[in-house]
Amino acid sequence: MRRIMFGLVLAGSVACGGGGGGGNPVDRSQLVGLWTGTTTLNANGQSATSPASTHISNASASDEIVWGDVCGNGSGPNATVTAPTAFSIHAFSCPPGQIGSCSSAVFAVSGGQASLSGGTLTIAANGTVSGCGANAAYTLSFTGHK
């Protein structure tokens, strides 16, 4: 299975030439697990869709989860669980890595939202990718099932 690894998807559509909770506990059990589906990335007027999977795991705070597999190293942003079927994604920057021919690209998530309905998880996020003299804004969507 493929991880989301947005940087790899991004390489096909862009020429590159967080948080802390601790609030009231929210039932995270419906959100936690391996999700498989598709990711669509829009940047620089181009769109790329590919099969993808992502792990969502519990974070140390009782109202937080980790949206994994966003970066090439498997890491990703924390998110605040706002309901048993929804979360708000925190800002996060991946460590510099290879995207296309750029060896020092940074994939950054500015934020986003997610919801679970009828067994389908939908995530919408946005941010920037920068490095090697280029900078591009992107929007990203993931839709998947456990």
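As a reminder, the structure under discussion sits directly above these lines.
A brief report on the enclosed structure follows. Note that this is a predicted model, so its numbers are computed, not measured. (Residues numbered from 1 in each chain as written. Predicted model: local features only at pLDDT ≥ 70, side-chain atom pairs only at ≥ 80, totals over all residues. Heavy atoms only, no water.)

1. Things to note about the overall build of the chain
- Helix and strand counts for the chain come out as one helix and 10 strands.
- Starting at the N terminus, the α and β elements of the chain follow one another as α-β-β-β-β-β-β-β-β-β-β.
- The 146 residues of the chain split such that 45% are buried.
- Carbon and sulfur atoms provide 52% of the accessible area of the chain, an area that totals close to 6400 Å². (Helix = DSSP H or I, 4+ residues; strand = E, 2+ residues; numbered from the N terminus. Buried < 20%, exposed > 50% of the residue type's maximum accessible area, 1.4 Å probe, protein only. Areas by Shrake-Rupley, 256 points an atom, 1.4 Å probe, with all protein chains shown as cover.)

2. Topic: the pairing of strand β2 (residues 46–58)
- As defined by bridge partners, strand β1 (residues 33–43) adjoins β2 across 11 bridges and the pair is classed as antiparallel. Among the inter-strand pairings, Thr 36 is bridged to a residue of β2, identified as Ser 53.
- Here β1 folds back onto β2 in antiparallel fashion, the turn holding two residues, of which Asn 44 has a positive phi close to 50 degrees.
- Inspection of the sheet shows β2 paired to strand β3 (residues 64–67) by three bridges, in the antiparallel sense. Looking across to β3, one finds that Ile 56 is bridged to Trp 67.
- Connecting the antiparallel pair β2 and β3 is a turn made up of five residues. (Pairing = 2+ DSSP bridges.)

3. Describing the side chain of His 90
- When you line up the elements, His 90 lands in the loop between β5 (86–89) and β6 (92–93).
- Within the structure, the side chain of His 90 is placed 2.7 Å from the side chain of Thr 80, a separation counted as a polar contact. (Polar contact = N/O pair within 3.5 Å; in protein donor to acceptor, adjacent residues only side chain to side chain.)

4. A look at the nonpolar core
- In this structure, Trp 67, Phe 87, Ile 89, Leu 121 and Ile 123 are the most contacted members of the largest nonpolar core, which totals 31 residues.
- No other element matches the six residues that strand β8 (residues 102–117) contributes to this core.
- Aside from chain neighbours lying at most four places away, what touches Phe 87 is Leu 31, Ile 56, Ile 65, Ala 79, Thr 80, Val 81, Thr 82, Gly 112, Gln 113, Ala 114, Leu 121 and Ile 123. (Core = buried A, V, L, I, M, F, W, Y, C linked by side-chain atoms within 4.5 Å. Contact = heavy atoms within 4.5 Å.)

5. Quick word on the state of the cysteines
- In total, this model carries two disulfides according to the counting rule given.
- Between the sulfur of Cys 71 and that of Cys 94 lies a disulfide, 1.9 Å long from S to S. Judged by the sign of its S-S torsion, about -80 degrees, the bond between Cys 71 and Cys 94 is left-handed. One end of the pair, Cys 71, is in the loop between β3 and β4 (78–83); the other, Cys 94, is in the loop between β6 and β7 (97–99), with 23 residues separating them in the sequence. Each member of the pair, Cys 71 as well as Cys 94, is classed as buried.
- Residue Cys 102 pairs covalently with Cys 132 via a disulfide, S to S 2.1 Å. The S-S bond linking Cys 102 to Cys 132 shows a torsion near 90 degrees; that makes this disulfide right-handed. (Disulfide = S-S within 2.5 Å.)

6. Topic: unusual backbone geometry
- Unusually for a residue other than glycine, Asn 44 sits at a positive phi of about 50 degrees.
- Note that Asn 44 resides in the loop between β1 and β2.

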